Every structure is written in structure tokens, then in C-alpha cells.
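Chain by chain, the residues:
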Amino acid sequence: MIEQEIRGLVADVKEGTLSRRSFMQRMAAVGIAAPLATQILIWNDVAMANATLPYKPTKAGGGGPLKMLLWQAPTLLNPHFASGTKDQIASRIFYEPLAGWDKDGNLIPQLAAEIPTKANGGLSADGKVVTWKIKQGVKWHDGKPLTADDVVFTWEYAADPATAAYTTGSYKDIKVEKVDEHTVKVIFAEATPFWADPYVGVAGMIIPKHHFGEYKGAKSREAPANLKPVGTGPYKFADFKPGDILTGTRNEDYHVKIQPHFDTIEVKGGGDAVSAARAVLQTGEYDYAWNLQVEDEVLKRMETGGRGKISAVASGDIEFIILNTTDPWTEVDGERSSVKTKHPTLTDPAVRQAINLLIDRDSVQKFIYGRGGTATASFVNEPKQFKSTKLKYEFNIDKANKILDDAGWKKGSDGIREKDGKKLKYVYQTSINAPRQKTQAIIKQACQRAGIDLELKSVTASVFFSSDVANPDTYTKLYVDMEMYTTTQPQPDPERFLNQFVSWEIATKENKWLGRNVSRYSDPEADKAYKAAQKELDPAKRAALLIKVNEIFCEANVILPILSRTRIAASLNNLSHDHSGWDVDSWNIAAWYRS
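Anyway, here's the lowdown on the structure attached to this text. Computed from a predicted model, the values in this text were never measured in an experiment.

Things to note about the overall build of the chain
- Secondary structure summary: the chain contains 15 helices and 23 strands in total.
- A globule of 595 residues ought to have a C-alpha radius of gyration of about 25 Å, and the chain, at 24 Å, matches this closely.
- Dimensions along the principal axes, computed over C-alpha positions, put the chain at roughly 75 × 55 × 50 Å.
- Of the contacts formed within the chain by residues at least 6 apart in sequence, a portion of 70% connects residues at least 24 apart.
- Each charge class in the chain can be summarised by its mean position, and for the 76 positive and 74 negative side chains these summaries are 2 Å apart.

Topic: the nonpolar core
- Grouped together as the largest cluster of nonpolar side chains are 93 residues, with contacts concentrated most on Met68, Leu292 and Phe379.
- Among residues more than four places away in sequence, those in contact with Phe379 are Ile318, Phe320, Thr487, Phe497, Leu498, Gln500, Phe501, Asn550, Cys554, Ile559 and Pro561.
- The next biggest cluster of nonpolar side chains, apart from the first, holds 35 residues, and it includes Leu107, Ala112, Val152 and Ala196.

Examining unusual backbone geometry
- For the bond from Gln259 to Pro260, the omega torsion is -5°, close enough to zero to count as cis.
- Looking at the element boundaries, Pro260 is found in the loop between β8 (245-250) and β9 (264-269).
- Between Glu382 and Pro383 the backbone carries a cis peptide bond, its omega angle lying at -15°.
- As for its placement among the helices and strands, Pro383 is situated in the loop between β13 (373-375) and α11 (397-406).
- Even without glycine at this site, Ala164 takes up a positive phi of about 55°.
- Mapped onto the elements, Ala164 comes out in the loop between α5 (148-159) and β5 (174-180).

Regarding the pattern of salt bridges
- Overall, the coordinates contain 35 salt bridges when judged by the stated rule.
- Between Arg565 and Glu319 there is a salt bridge; the shortest N-O distance is 3.7 Å. With Arg565 in strand β20 (residues 559-565) and Glu319 in strand β12 (residues 318-323), this pair connects stretches of sequence that are 246 residues apart.
- Owing to a relative accessible area of 1%, Glu319 belongs among the buried residues under this scheme.
- Between Lys390 and Glu555 there is a salt bridge, and its shortest N-O distance comes to 3.1 Å. Of the two residues, Lys390 sits in the loop between β13 and α11 while Glu555 sits in helix α15 (residues 539-555), which places them 165 residues apart along the sequence.
- Through salt bridges with shared partners, a single ionic network connects Asp296, Glu297, Lys300, Glu303 and Arg371.

A closer look at helix α14 (residues 524-535)
- With 12 residues, α14 should cover 16 Å at 1.5 Å per step; its first-to-last C-alpha distance of 18 Å lies within 8% of that length.
- One side-chain oxygen of the residue at the start of α14 lies 2.7 Å from the amide nitrogen of Glu525, identifying that residue as Asp523.

Brief notes about the packing of helix α9 (residues 349-357) against α11
- In the contact formed by α9 and α11, the axes pass within 8 Å of each other and the chain directions differ by 170°. By the angle class used here, α9 and α11 are roughly antiparallel. Side by side, α9 and α11 meet where Ala350, Val351, Gln353, Ala354 and Leu357 of the first sit next to Lys399, Ala400, Ile403 and Leu404 of the second.
- In terms of residue class, the contact of α9 with α11 is built from 7 nonpolar, 1 polar and 1 charged.

Side note on the packing of aromatic side chains
- With the rule as written, the count across this model stands at 23 aromatic pairs.
- One aromatic cluster is present, built from ring pairs that chain together Phe320, Phe379, Phe464, Phe465, Tyr475, Tyr485, Phe497, Phe501, Tyr521 and Phe553.
- Sitting above the plane of the Tyr286 ring, Lys67 keeps its charged end 4.7 Å from the centroid.
- The ring of Trp513 carries Lys477 above its face, with NZ or CZ at 4.4 Å from the centroid.

Section: helix α7 (residues 273-281)
- Within α7 the residues assigned to the buried category are Ala273, Ala276, Ala277, Ala279, Val280 and Leu281.
- Those residues of α7 hidden inside the fold are in contact with β1 (65-70), β10 (288-289), α8 (296-303), β11 (308-313) and β21 (567-572).
- The opening residue of α7, the one whose side-chain oxygen lies 3.1 Å from the backbone nitrogen of Val274, is Asp272.

A closer look at the side chain of Lys86
- In this structure, Lys86 sits in helix α4 (residues 85-92).
- For Lys86, a relative accessible area of 0% puts it in the buried group.
- At 3.1 Å, the side chain of Lys86 forms a polar contact with the side chain of Asp87.
- Ignoring sequence-local partners within four residues, the contact set of Lys86 consists of Leu70, Gln72, Ala73, Pro74, Thr75, Trp290, Ser462, Phe465 and Ser466.

Regarding the sheet that holds strand β18 (residues 453-459)
- Strand order in this open sheet of 6 strands is β13-β20-β12-β19-β17-β18, and the pairing throughout is mixed. Edge positions in the sheet fall to β13 and β18, since each has one partner strand and no second. For this sheet the average axis-to-axis angle between neighbouring strands, irrespective of direction, equals 25°.
- In terms of strand pairing, strand β17 (residues 425-431) meets β18 through 7 bridges, oriented parallel.

Topic: the sheet that holds strand β14 (residues 410-411)
- If you walk across this open sheet you meet the 3 strands as β14-β15-β16, and the pairing is antiparallel. Pairing within the sheet leaves two strands with one partner each, and these edge strands are β14 and β16 (422-423).
- Here strand β15 (residues 417-419) runs beside β16; their pairing, made up of 2 bridges, is antiparallel. When the sheet's bridge partners are listed, Glu418 is paired in β16 with Lys423.

Thresholds applied
Residues numbered from 1 in each chain as written. Predicted model: local features only at pLDDT ≥ 70, side-chain atom pairs only at ≥ 80, totals over all residues. Heavy atoms only, no water. Helix = DSSP H or I, 4+ residues; strand = E, 2+ residues; numbered from the N terminus. Rg over C-alpha atoms; globule rule 2.2 N^0.38 Å. Contact = heavy atoms within 4.5 Å. Lys, Arg positive; Asp, Glu negative; His and termini not counted. Charge placed at Lys NZ, Arg CZ, Asp CG, Glu CD. Core = buried A, V, L, I, M, F, W, Y, C linked by side-chain atoms within 4.5 Å. Buried < 20%, exposed > 50% of the residue type's maximum accessible area, 1.4 Å probe, protein only. Salt bridge = Lys/Arg side-chain N within 4 Å of Asp/Glu carboxyl O. Expected span 1.5 Å × (residues − 1). Polar contact = N/O pair within 3.5 Å; in protein donor to acceptor, adjacent residues only side chain to side chain. Axes fitted to C-alpha atoms, helices over the stretch in contact; angles between N-to-C directions. Parallel < 35°, antiparallel > 145°, perpendicular 65-115°, else oblique. Nonpolar A, V, L, I, M, F, W, Y, C, P; charged D, E, K, R; others polar. Phe/Tyr/Trp six-rings, centres within 6.5 Å; stacked < 30°, edge-to-face > 60°. Lys NZ or Arg CZ within 6 Å of the ring centre and 35° of its normal. Pairing = 2+ DSSP bridges.

So, in C-alpha cells, the structure goes:
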């Protein structure tokens, strides 16, 4: 579809002769996914929707308790330290961004009065300045008003390297200016095609200056509000036992006057995905269960009970393996897996290539995940225009053996390959979860047939995904040879998602292991392409640059994608909830209600 045709369709939407839905369908038919189509409409001043879930209650309260299960238990409630999705979900109950993403990739105002467009003066013609108008009358849970000072402070807090925020990548290269009490300007150094990153979605939650002002920088981990949030959200903090249970009560002064519907909220953590699914679908003990990484056949059997239903939405999330090219067994300056070290065997490209060939992705999809994922060789899979068509996967034990033979890795008397006194023996880590342990077993069996020995390690999910700087078993430490998990694509554009592949985001002791590049691998060409994409306004050229970043890491076999994940949740039949594949499950929890 040529630019002139797209402009014509946009004009039809503006005039009301073509519906937004029809526009999205026409775009999808030529390979332009909904998120990008939405950005096209925003840039051309087509008004956005203000809600994605029709809200039927006529007053706030009266809904009784809302009970959620996060089988990966939350451990902290500061959204800017939340490297794990479970902590992001818990934080979003209390804190809100200026805007969030619905399931169709639409940008929905939350603390913003409106979505910035060129028509309302929110987007500058040169693509460098975004002006946000803040919703008036919003109060923090302690009664103080939300102002532009809080929005500016959130930038200062996250951008400060000493704070060591997980979200620093969204804020460190921008400037934010206060225009008046309810207006701020976000200023980018270059023209920025995807401007909806700072203050949006997972990275965008606004925190109160009067509670965090004394804790910006080196004292960031000492703030009482890290565990006792004071936000603007639909629920006020009541109690929190990290790793166990979180409770809140209805915010009676919430800025949407007829929300929320529920009087209290309980988020129970721990257990496992199967028991979480059972507690909703079979016993009805809970209203909602998140991230049901459960064999699809098991879920289908549970659904026959009739109490609850499965919600499955497309997302950009990816289940993948990292091969560690640094040395996890040698400590340098107080940290293992230091960029100052090299892995004794995984620095050999032949070894990494062989391991990639030993992953039976099709079997993992067919026999374990079903509706929950699709086998892939690409780290980025959604939206489709950002997926590499070059990357292909193959399961071939014979080929893996030949590659290792040719590279000089010979099998010893114990059947394990070695060279120069170094054996292909690895610790392979993931979180405790039945599908992941079964995936580990499938890969271990194939590796054995190629002379590679894998020691399987499983870590409790609430520990594995925590941000505890003292714990050696968190996934960002990478104190093993290889590890597997799902990383969440937080928005319908892969730019921030792919900052997991840039050198300045490498997780280190200095940034408290909250840098997003957990692999520690870097490539100057990937850095160069990423920086070019950040300021490229031509959508096709920008997509090509981001695809290149993806391909560099996947072709190096440092990142081994396994499945493009579908987000699976369970809810009671009488619960109306807003499940988005582009934001956390609690993104619009104020609008949930019981029929």
C-alpha cells in the first residue's frame, strides 16, 4: 500500500466514512499491524478512544473483594525497580502512567487529560517535542494534588544513574520541562518516531515527589514507599508481605468518580501456575489468575468445570534462552559474569550454534504450550512488520554433532565433549514451573546425544524474578552458563524491548544488576543500528534497523528464541476484565467489575 492510499484512508476515518475498525483491518491486510496503524492515526490527528472496556456499574464501590493470583509473588512495590512483571503488575494497582496500551495497541489516557497529537499541540512537527497535559483534580492517596512537579521529578529520579532504576533507559536521554502546574514538555535530542515511551505503560508510572524526593540517587533503596506505595491509582495500600500477600482498599477519591467497582483488592503470591489455574477455573476461590504457563491440555480439562474461562491475547513476549559469553564462575571486583571475563567454552561460536540446533521448538509448542506459544527463531515477533523473515530455526542433532566435531570438540570416555581440558558442561537455569522444567528436559536429552552435559537448575519464581541485589539467583545476575525465561514486550513497538541488546544497558554490579541487557553480549553494529532507529522517521527504514539489531544477536546464537508467547490468564465467568498483550494485566484495573 502506497503512502497516498494510506493518507486517503486516514481522511476517510476523519470524515466518518470509514470506521477505525475497518481502517485497522485494511492496514492488517497489507501487513501493517494495529499498533503502527494506531500511531498513524495519532500522527494524523484522529481522536483516540478513551476506554477499551465498557463499564456498566453506575457508581463506585459495592463490588466486594477482588481476588487475584500471581503465582510469581511480588517482592517490591516501586515500579521503577520492578524488573519482574509480577512486581510491575502489583505496582500498577497503586501507581499510574500518563497513558497505557489496550489490547489493540491503542494509546489510552490515564493521568493525561488527552493523548498528544499535532492538532492539539502535543506533537511538534519536527518530532522532537511532546507536550503532555495532566488531568486536573487528581490526588495522591495522602490527599495532596498531582502536579507537573511530580511528573518532572519522576524523570529526574529514573534518569539519575545513582538511582539505578530499571526504567532508566526510557528517561536518561530526554529532558522534561514544566510548562505550568498541569503541563510538561518532553524534549528529545533527535526526531523520535516512537515517543510514547517515557510516562507510558510499564515504564511510565508517576511517583510522588513528596515521598521520594529525599531518596533520589544513592539513597533510592531506603525509601519507605518502596514497600508502602502512595499513588494515584484506584486502590490504596493496606498491607504487604513480600513474597506472600498484598492488600488494598478502594480509593474513595479516585479521579474517575464511578470507579473502581471493587471495595478491596487482594493479590496472593506464590504457589505455581497449575494451582493458580485450578483456583479460578475449578474451585472459583479467586477471580483472576495471571500468566498461566501451563500445558494447554491441562487448561482445557479445567475449563470444562464451567466456573471460569481462559483469556488469550497476542503479545510480543518471548520465551528464550541466553547463552552466557562471560564467566559465571569467576568473580571480578565483587561480581561474577563480569564483562571483564570470557566464558571458557561458550565464547566459541560453534558451540553456541550447536546448542541452538539442539532445541526442539516444534515439540515444545505441540506437546507443552499449545495456545500458549508459537515456535520461533526471532526475538521480535509482533507487530509483524518488525519480525525478521531471515531467521529460521532447525532441530538437527546430526548437524550439531558435525559442527562440534569440525570445531575440535571430541567426546571423552564419559561421552562429554572437551577441548584443551575444557568440557562442555553447563548449568542451565530457569524458574520453577512445569512447562519450563519439561522444556529443560527436552533440551537436556538432545544435548546428551551431542556430547553436551546440562545440569538443570530451577529457582523459585518469586526469587528468580526479584530485584534483590543480595540474591545470587535472580535472572539478571546470570550466575550460570545458560538461562531461560520470558521477557515481556511492554509496548507495541520493539524499540525499548530491543534495548536488551545494547551495550549501555548491560547488567552490572554498578547498576545493581538492573541494566536490561542481561546477556552482557554487545556488538558495535547492533549499537549503531539501534541508535539510528531511534531517530529514523521513515517507518520502513526504522523497522529494517530494528530487525538488524534482532538478527545480530540471534545469528550470534547468544539469544536463542524458543516461543512467541501468547498471554494466557483465567478469570471467573462473571468478571469483566481488560487483558492487554501490550501492557501489564492490571493496566486498567479500575474498570474491572463483576456482572
